[in-house]
Amino acid sequence: MKRGWFITVEGGEGAGKTTVMETIQAVLREARLPVEMTREPGGTPLGEELRGILLDPRWQGMHQDTELLLMFAARAEHVHRRIRPALAAGRWVVSDRFTDATYAYQGGGRGVDMRRIEALEDWTLHGFGPDRTLLLDLPVETGLARARQRGEPDRFEQEQQAFFERVRAAYLERARREPQRFVRIDAALDLPQVRAAVWRIVRQWVRESGAVS
Ligand code: TMP
């Protein structure tokens, strides 16, 4: 059986990931491909428990190593129990965030040495990663203004603008280094324009994968 593709969606706060996830799902369904939508941290019962801890403002002072290890604990569960089995069964998997978020938030935002993240990535994933990644990029201020309309901020949303500027810079640097995998989308555009761009890109991926002609 043909292996499905693993697609991830990344970006800062208020970038419109939810709409983009819905659009990707619609394109894949239209192509009659079996698809699983998931997210990080989370995506499994245990991973969702860890997400609750990671986003809880009660743990504001969590040590950055604890945060990093919990992210990878949730990811190990997600990859071994859900993502790889789904891909092996021929399904496409679309995840709202994955390891690039760790490089951006823990590496860029918190300032954790990128080599430590690489070591954990090698150890837990053994080279496994997304086939394609959509990076929703927009000015930090625009994203934060949108995110603030959503109610109570979680532990990450409580960070200052400088933190998110570092997150954005780290994402852009990763996209620059892996141009074959990343497609950057200007998320400051109107939603219909973002949707149209995503539609076009994902249709192209489906053709490239050979799943439909
Ligand atoms: P979200 O559902 O809004 O994307 O919330 C998840 C939060 O977790 C978001 O602020 C980014 C953060 N995060 C990390 O810091 N590192 C990671 O590896 C992942 C997957 C998410």
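Before reading on, note that the structure itself is shown above.
Let me begin by describing the structure that accompanies this report. (Residues numbered from 1 in each chain as written. Predicted model: local features only at pLDDT ≥ 70, side-chain atom pairs only at ≥ 80, totals over all residues. Heavy atoms only, no water.)

## What to know about unusual backbone geometry
Now for step 1: For the bond running from E40 to P41, omega is -15°, close enough to zero to count as cis.
Now for step 2: One can find P41 in the loop between β2 (35–39) and α2 (45–55).
Now for step 3: Positive phi outside glycine occurs at R32, with the angle close to 60°.
Now for step 4: Positionally, R32 belongs in the loop between α1 (17–30) and β2.
Now for step 5: Non-glycine residue R97 carries a positive phi angle of around 80°. (Helix = DSSP H or I, 4+ residues; strand = E, 2+ residues; numbered from the N terminus.)

## Some points on the nonpolar core
Now for step 1: V20, I24, L28, V94, L134, V198 and V202 are the most contacted members of the largest nonpolar core, which has 25 residues in total.
Now for step 2: Those elements that provide at least two residues to this core are β1 (6–11), α1, β3 (92–96), β4 (132–137) and α8 (191–209).
Now for step 3: Considering each element in turn, this core owes the most residues, six residues, to α8.
Now for step 4: Counting residues in hydrophobic clusters, the runner-up holds 21 residues, among them L54, M71, Y105 and A170. (Core = buried A, V, L, I, M, F, W, Y, C linked by side-chain atoms within 4.5 Å. Buried < 20%, exposed > 50% of the residue type's maximum accessible area, 1.4 Å probe, protein only.)

## Section: the site of the ligand
Now for step 1: Not every one of the 14 residues close to the ligand is listed here, only the nearest: K17, R51, R97, T102 and Q106.
Now for step 2: At 3.2 Å, a side-chain N or O of E13 approaches an oxygen atom of the ligand.
Now for step 3: For the ligand, an oxygen atom lies 2.9 Å from a polar atom in the side chain of K17.
Now for step 4: Coverage of the ligand by the protein amounts to 93% of the 480 Å² it exposes when considered alone.
Now for step 5: For the shell around the ligand, the elements supplying multiple residues, two or more each, are α2, α3 (64–88) and α4 (99–109).
Now for step 6: A per-element tally of the shell around the ligand places α4 first, with four residues. (Near = heavy atom within 4 Å. Polar contact = N/O pair within 3.5 Å; in protein donor to acceptor, adjacent residues only side chain to side chain. Areas by Shrake-Rupley, 256 points an atom, 1.4 Å probe, with all protein chains shown as cover.)

## Quick notes on the side chain of D154
Now for step 1: Note that D154 resides in the loop between α6 (140–148) and α7 (161–177).
Now for step 2: Notably, D154 is buried but unbridged: the nearest opposite-charge side chain belongs to R51, and the N-O separation is 5.8 Å.
Now for step 3: At 2.9 Å, the side chain of D154 and the backbone nitrogen of F156 are in polar contact.
Now for step 4: When sequence neighbours within four positions are dropped, the list of residues in contact with D154 reads L55 and P57. (Lys, Arg positive; Asp, Glu negative; His and termini not counted. Salt bridge = Lys/Arg side-chain N within 4 Å of Asp/Glu carboxyl O. Contact = heavy atoms within 4.5 Å.)

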